[in-house]
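Results of the structural survey
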Amino acid sequence: MKIHKLVPSFDSRSTQARIYKAHASLGSQMHDVAMPETTFVVRNQSLRFKGALEGLNQLQFARGGADISVSKRGLVTEKTYEDGVTYAKVVWPVYCALRKSYKGMLFVNLAHRGLDALSKYSWLDTDKHVLECSIKVGDYYWVSTINPSHGDLDSNPFDYAQAILPSSLQQAGGDEVIDTASLCGFLSEVFRFLNPEDRALYLEIMGQGKRFDKFLNYAASTRSHHNKEHGLLLHTAETVAYVLLEALATTPEERASDKPPFDLSLTLLAALLHDAAKVEEYHRLAPDVYVTNLNCELMGHEQTVLKWIAVACAASGAYCADRELQLEHSICAVKKQHYQSGVRKRKTPESFALHQADCASARAFDKNEISVLLTHQFVQGDSK
């Protein structure tokens with residue numbers, strides 16, 4: 001068994017460094033990096049965290065030795081109300097206090113006697129004192145107050161993805177096991193280093209209905225590459241990784257030539273979205289059992305994602321029209337333009353970069369090669 005690990009464990013510095021280097025290789029500049037809203041937690045090396053915060057004593061959070069922070073809002077993933085008591089499963093993303101990089105997720109079962117103020121998938125404000133003073137009875141921590149949040153939260157969706165995923169993901173047809181926490185950490189860093197307008201567009205698109213939940217769980221195809229549960233997520237992450245590797249491989253001579261380098265943020269956004277609309281192509285009958293639907297037969301995921309992008313851009317009114325066209329072209333352009341056809345031949349560097357990355361992921365799967373996520377240590381995991 002060969003073990004692939006990031007050093008240090010559950011740390012995103014490697015991804016951050018690669019993104020900075022990728023921009024340097026392409027001759028581009030970083031824009032505003034998304035910083036999650038967090039509550040600072042002071043780590044006292046001589047005392048352990050108490051109450052509902054005791055999960056922060058886990059090695060994955062303590063290994064760095066530095067202070068950590070917890071998201072200001074938890075997500076209620078399960079909730080029941082019986083005999084005047086609210087029982088809720090709540091998750092809080094945990095970050096490095098200094099760099100605000102994702103370190104993992106704190107899972108807590110809370111109980112509160114009082115009015116039923118929560119609903120499933122509602123937000124819960126973080127009160128460190130209340131959580132630390134909670135008393136554990138059975139599987140639940142009893143708290144004196146539960147404060148649902150009513151404000152808007154411009155969150156990083158990958159920070160909360162671990163809440164609805166298993167602890168590890170297995171590549172279809174192979175022996176690879178990918179650690180979910182590190183996978184979420186990788187995609188979290190990629191998302192927060194997108195340009196602000198690209199982050200906002202992704203949230204507008206994937207925040208509709210159950211698109212993001214399906215994206216995390218669905219297969220990438222019914223019979224071809226990544227055709228098992230969570231295959232769409234894994235294929236997307238691999239495509240993102242190949243885009244970063246393409247950027248890192250750009251030489252000064254290529255930058256100085258007439259061939260323009262690709263826009264890294266736009267290409268990463270295209271990688272995150274390029275197959276996402278497949279969630280509307282399938283009916284999921286059971287785990288690993290899918291059938292195509294009418295949308296797949298008449299439209300296809302590329303045409304569907306074009307509609308998603310157009311609707312989201314119209315709703316926001318702030319996304320540049322030329323950038324919208326470049327994004328759509330990157331996803332939908334083809335190798336050869338047919339006479340009088342509506343499709344267009346690839347023309348932009350973003351469209352070529354995405355196509356190469358997409359094909360590299362699919363080709364590696366078909367050849368039963370170890371995932372690029374493991375071989376280049378974007379995530380932690382095991383492979384034989």
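Preceding block: the structure.
Summarised in this report is the structure supplied together with it. Predicted model, so just to flag it, every value in this text is computed and none were measured. Position numbers for residues count from 1 along each chain, tracking the sequence in the order it is written. Whole-chain, interface and lining totals are the exception, using all residues; otherwise, since this is a predicted model, local features are given only for residues with pLDDT of at least 70 and side-chain atom pairs are given and counted only at 80 or more. In computing side-chain values, all of the structure's heavy atoms are included and hydrogens and water are not.

**Details of the overall build of the protein**
For helices the rule is a DSSP run of H or I covering at least 4 residues; for strands it is a run of E covering at least 2, with both sets numbered from the N terminus onward. A tally of regular secondary structure across the protein gives 15 helices and 14 strands. Projected onto its principal axes, the C-alpha coordinates of the protein cover approximately 70 × 45 × 45 Å. The 384 residues of the protein split such that 52% are buried. It only takes one pair of heavy atoms within 4.5 Å for two residues to be counted as in contact. For the protein, restricting intrachain contacts to residue pairs at least 6 apart in sequence, the fraction spanning at least 24 positions comes to 70%. The method behind every accessible area is Shrake-Rupley, applied with a 1.4 Å probe, and residues are considered shielded solely by the protein chains displayed. Counting every atom, the protein has about 18200 Å² of accessible surface; 50% of that belongs to carbon and sulfur. Across the protein, the mean location of the 42 positive side-chain charges is 3 Å away from that of the 45 negative side-chain charges. Three labels apply to residues, based on accessible area from a 1.4 Å probe with only protein chains included: buried if under 20% of the type maximum, exposed if over 50%, partly exposed otherwise in between. We count Lys and Arg on the positive side and Asp and Glu on the negative side, and we leave His and both chain ends out. For charged residues, the charge sits on one atom: NZ in Lys, CZ in Arg, CG in Asp, CD in Glu.

**Considerations on the nonpolar core**
A general trend in soluble globular proteins is that nonpolar side chains are found buried together. Buried Ala, Val, Leu, Ile, Met, Phe, Trp, Tyr and Cys residues that are joined via side-chain atoms within 4.5 Å together make up what is termed a nonpolar core. Of all hydrophobic cores here, the largest spans 76 residues; its most connected members are Leu 183, Phe 186, Tyr 202, Phe 215 and Leu 327. For this core, the element with the highest residue contribution is helix 8 (residues 231-248), accounting for ten residues. Not counting the four nearest positions on each side in its chain, Phe 186 is found in contact with Thr 15, Ala 237, Val 240, Ala 241, Leu 244, Leu 373, Phe 378 and Val 379. Formed by 23 residues, the second largest nonpolar core is a distinct cluster that contains Val 94, Leu 106, Leu 118 and Tyr 141.

**What to know about the packing of helix 6 (residues 196-206) against helix 10 (residues 264-273)**
Only the stretch in contact is used when fitting a helix axis, every axis being a line fitted to C-alpha atoms; angles between N-to-C directions are given from 0 to 180 degrees. Direction vectors running N to C along helix 6 and helix 10 enclose 15°, while the axes themselves pass 10 Å from each other. Here helix 6 lies roughly parallel to helix 10, going by the angle between them. In this structure, helix 6 meets helix 10 at a crossing whose hand is right-handed. Residues Asp 198, Leu 201, Tyr 202, Ile 205 and Met 206 of helix 6 form the contact with helix 10, whose participating residues are Ser 265, Leu 266, Leu 269, Leu 272 and Leu 273. A class-by-class count of the residues in the contact of helix 6 with helix 10 yields eight nonpolar, one polar and one charged. Roughly parallel refers to an angle under 35 degrees, roughly antiparallel to one over 145, roughly perpendicular to one between 65 and 115, and oblique to any angle outside these ranges. Handedness of each helix crossing follows the sense of rotation of the near helix against the far helix: counterclockwise by less than a right angle gives left-handed, clockwise gives right-handed. In the scheme used here, Gly and all other residues not listed as nonpolar or charged are polar, with Ala, Val, Leu, Ile, Met, Phe, Trp, Tyr, Cys and Pro taken as nonpolar and Asp, Glu, Lys and Arg as charged.

**Let's talk about the packing of helix 5 (residues 180-192) against helix 8**
Relative orientation of the contacting elements helix 5 and helix 8 amounts to 55°, with a least axis distance of 11 Å. By the angle between their directions, the pair helix 5 and helix 8 is classed as oblique. Helix-helix and strand crossings are classified by hand; for helix 5 and helix 8 the assignment is left-handed. On helix 8, the residues touching Leu 183, Phe 186, Leu 187 and Val 190 of helix 5 are Leu 233, Leu 234, Ala 237, Val 240, Ala 241 and Leu 244.

**Description of helix 12 (residues 301-316)**
Side chains three or four residues apart in an α-helix point the same way, a direct result of the helix having 3.6 residues per turn. The span expected for a helix works out to 1.5 Å for each residue beyond the first. The first and last C-alpha atoms of helix 12 sit 22 Å apart over 16 residues, in line with the 22 Å expected at 1.5 Å per residue. For helix 12, the full list of buried residues reads His 301, Thr 304, Val 305, Trp 308, Ile 309, Ala 312 and Cys 313. Projection of helix 12 onto a plane perpendicular to its axis shows the buried side chains occupying an angular sector of 165°, all on one side. In this structure, helix 12 carries Val 311 and Ala 314 as exposed residues pointing more than 90 degrees from its buried face. Those residues of helix 12 that are buried lie in contact with helix 6, helix 7 (211-217), helix 10, helix 11 (294-298) and helix 13 (321-332). Taken from the residues just after helix 12, Gly 317 is the one with a positive phi, measuring 70°. Throughout, the arc means that of the directions going from the helix axis to the C-beta atoms.

**Concerning a nonpolar patch on the surface**
Patch membership needs two things, relative accessible area over 30% and no salt bridge, and members are linked within 9 Å if like-charged or within 5 Å if nonpolar (Val, Leu, Ile, Met, Phe, Trp, Tyr). Any Lys or Arg side-chain nitrogen located within 4 Å of an Asp or Glu carboxyl oxygen qualifies as a salt bridge. Where nonpolar side chains cluster on the molecular surface, the patch consists of Leu 285, Val 289 and Val 291 and spans about 240 Å² of accessible area. Secondary-structure assignment places Leu 285 in strand 12 (residues 282-286). Take Leu 285: its relative accessible area is 57%, and that puts it in the exposed class.

**Re the pattern of salt bridges**
Under the definition given, this model contains ten salt bridges. Between Arg 192 and Glu 189 there is a salt bridge; the shortest N-O distance is 2.8 Å. Pair noted here: Arg 192 and Glu 189 are both in helix 5, with a separation of three residues, about one helical turn. Three or more residues are tied together by salt bridges with common partners; here these are Glu 197, Asp 198, Asp 263 and Arg 323.

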